[in-house]
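Reading the structure
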Amino acid sequence: MKKMLSLLLVLLLAMSAMVVPAMAESAAEHVIITSIEDNPEQMDPGLNSYSRSSRVLQNLFKGLYKLDADGTTYVPAMAESCEVSEDGLTYTFTLREGLLWSDGSPLTAHDFEYSWLRVLNPESASGCASDLWVIKNGEAYYNGECTADEVGVHATDDLTLVVEMETLTPWFLSLTATTGFMPVCQAVVEANPNWTSDVSTYVSNGPFMLTEYSSLNRLVLSKNPNYYLADEVQIDEVQFVIIPDSATGLTAYNNGEINVFTSLNQDALNQYMGTEEFHSSGRIGIQYCDFNTTLEEFSDKRVRQAFAMAIDRQSLLTALGYNEQPVYGFIPYAQPSLTDSTKSYREVAGDMFEENVEAAQALMAEAGYPNGEGFPTVEIVIQNDTTQSLMAQILGEFWKQNLGVDYTIQPYESSVYWSELDAGNFSIDRNGYTVDYVDPSANLRIFITGANAYENGWDDPTFDQMYNDSLLLTDDAEREAAIIELEKYLVDEMPAIPIYAYENQYLVKPNIEGVVCNPIGHYYFEYAYFTE
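Let me begin by describing the structure that accompanies this report. (Residues numbered from 1 in each chain as written. Predicted model: local features only at pLDDT ≥ 70, side-chain atom pairs only at ≥ 80, totals over all residues. Heavy atoms only, no water.)

1. Quick look at the pattern of salt bridges
Put simply, the test is: Just to be clear on terms, a salt bridge is a Lys or Arg side-chain nitrogen sitting within 4 Å of an Asp or Glu carboxyl oxygen. Labels follow the DSSP assignment, with helices taken as runs of H or I lasting at least four residues and strands as runs of E lasting at least two, numbered in each case from the N terminus. The cut-offs for exposure are 20% and 50% of the maximum accessible area for each residue type, with area from a 1.4 Å probe on protein chains only; residues under the lower value are buried, those over the upper are exposed, and the others partly exposed.
Scanning the model with the defined rule gives 16 salt bridges in all. Between K136 and E164 there is a salt bridge, and its shortest N-O distance comes to 4.0 Å. You can see K136 sitting in the loop between α3 (109-120) and α4 (138-142) and its partner E164 sitting in strand β7 (residues 160-164), a full 28 residues away along the chain. For E164, a relative accessible area of 28% gives the class partly exposed. A salt bridge links K488 to E485, with the nearest nitrogen and oxygen atoms 3.5 Å apart.

2. Structural notes on the sheet that holds strand β6 (residues 153-157)
This is how the line gets drawn: Strands pair, by our definition, only if DSSP identifies at least two bridges between them. As a rule, the C-alpha atoms of each element are fitted with a line to give its axis, helices using only the stretch in contact, and angles between N-to-C directions run from 0 to 180 degrees.
The antiparallel open sheet is built from 4 strands, whose spatial order is β4-β5-β7-β6. Each end of this open sheet is capped by a strand with a single partner; those strands are β4 (79-84) and β6. Averaged over all neighbouring strand pairs, the angle between strand axes comes to 20 degrees, with direction disregarded. Note: β4 against strand β5 (residues 90-95), 5 bridges, orientation antiparallel. Bridge pairing in β5 places V84 opposite Y91.

3. Some words on the nonpolar core
Side chains that are nonpolar tend, in soluble globular proteins, to be buried together. For clarity, the threshold we go by: As used in this record, nonpolar core signifies buried Ala, Val, Leu, Ile, Met, Phe, Trp, Tyr and Cys residues forming a set joined through side-chain atoms within 4.5 Å. Note on contacts: a residue pair qualifies if any of its non-hydrogen atoms lie within 4.5 Å across the two residues.
W116, L161, V163, F172, F307 and W399 are the most contacted members of the largest nonpolar core, which has 144 residues in total. For V163, the contacting residues outside a window of four places in its chain are L89, T90, Y91, F93, W116, I135, G152, V153 and F172. By size, the runner-up hydrophobic cluster in this structure holds 15 residues, among which are V241, A252, Y272 and F278.

4. What to know about helix α2 (residues 51-60)
Within α2, 9 of the 10 residues are buried, which leaves it mostly tucked inside the rest of the structure. Where α2 is concerned, the buried positions are R52, S53, S54, R55, V56, L57, Q58, N59 and L60. Considering only its buried residues, α2 is in contact with β1 (31-36), β8 (208-214), β9 (218-223), β10 (237-242) and β21 (523-524).

5. Brief notes about the pairing of β1
Burial analysis of β1 places 6 of its 6 residues in the buried class, the great majority of the element. Where burial is concerned, the two faces of β1 agree: the one with V31, I33 and S35 and the one with I32, T34 and I36 are both buried. The pairing of β1 with β10 spans 6 bridges and is classified as parallel. For T34, the partnering residue across the bridge sits in β10 and is F240.

6. As for the packing of aromatic side chains
Where we set the bar: The criterion for an aromatic pair is that two Phe, Tyr or Trp rings (for Trp, the six-membered ring) have centres within 6.5 Å, with stacked assigned to planes under 30 degrees apart, edge-to-face to planes over 60 apart and tilted to the rest. For a Lys NZ or an Arg CZ to count as sitting over a ring, it must be within 6 Å of the ring centre and within 35 degrees of the ring normal.
The full count for this structure, using the stated rule, is 32 aromatic pairs. Ring geometry for Y288 and F447: centres 6.1 Å apart, planes at 55 degrees, overall tilted. Pair noted here: Y288 is in strand β12 (residues 278-290) and F447 is in the loop between α15 (442-445) and α16 (461-471), with a separation of 159 residues, a long-range link. Taken as a pair, Y288 and F447 share a single burial class, namely buried. Through successive ring pairs, a cluster of aromatic residues spans Y65, Y91, F93, F112, W116, F172 and F181. When the ring centre of Y502 is taken as reference, the NZ or CZ atom of R283 above it lies at 4.6 Å. One residue, K509, lies across the ring of Y253, its end atom 3.8 Å from the ring centre.

Now the structure itself:
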């Protein structure tokens, strides 16, 4: 097996030789040039549920609150202040006076009411609609059980937004800093449903505005003169250069063609770890593989458990050149404990399962597939990427050698990958999710019926009820205990395979300060500046 992993790693490195795209020329003085692996999947913040897209959108838009320059504190942005009712269920936001969109038109509380209702409208087919179900009647409206007027978000005047919550949501202010809660300009959206497809109609409200978008090449963001803190923004331009391969990106960084690099491989870690250019922080997401639980062979949780237990995660990460940690649950190490400020949730809860080939083989035999006999060929579906291909090969070999099952690998271009998953055209996929707020419940919420982790086709009323019951608990110790039991239930069902916890690792040239990376893995350039 070790020989196979070494050979595959050599193949990966050999396949990674690519040409760096031409860098944008600019007359601007202070220019951040960073790489992004592919085109953003979604340029409309209200429809976005993708991490890669959020890296761009977080610099183009701002919500009621935003992450401060310290990278840990959430502070008012479009809001000037917020009052919370005694019972914690009503938030009254007062917006700043004189807010403008990038085209110079006024931005008001009505834009937030419109934008949030648009996300919740099922006709919008927003990928982040469930994030707004914390709002009173948000889910009911999405399911057609009430009208928009009954949803708990109302602009009472141009500067006042009143939000009623469905249940206690102590992390709500941080949620308003995520893309799903960011405003879009009603006049622009309603005048042109394809407003995101042309920079001339792309209107935003953040520190930067979109001024160039060349698909498969680069995006250029210029300083927004109508941003409420425009005088404090020191970066004139941000260029997102599309470089699909990490080895090519490292070459570009070493050659000075980009000055912020976020797709680090093992060579980058070997070269820069421990230097002033290397930065690292925990990220509140995990990499996992979905089972297609609608298939007969994966409708049995014993089979799903067996596949999860038959993997050597550390060997996988070593072969991929990753510095992340294997994870044996659905909540990553970066989520804090609710009861012990010195520990993470993962430290308190412990591992939820273990790697055990013999136990996995016994489960397969119990399910009627001894030594893999009679088990259909597993189709592993990935995006067309060398690293994903290597990961799929290694996983497939683990299952073949340890469980006796055959596998095939089906790559799709990123433009059609998610639609293939939606259509159920896979046995096992490669997936991952970084949640939107710092609370261990966030990583479990994505598995409730109708939420973000829907590709596996697994809906479970018991899990849904356990999750909803946990939200009613106000005592931190009781809520953490409930979350631990909820995660144990999810691991026992195993609709997906936890692989590893994400880590934010990035390089910044020594003459740049103030680049902020949040726990979600988004990079903010609003606070960046050049020191020379």
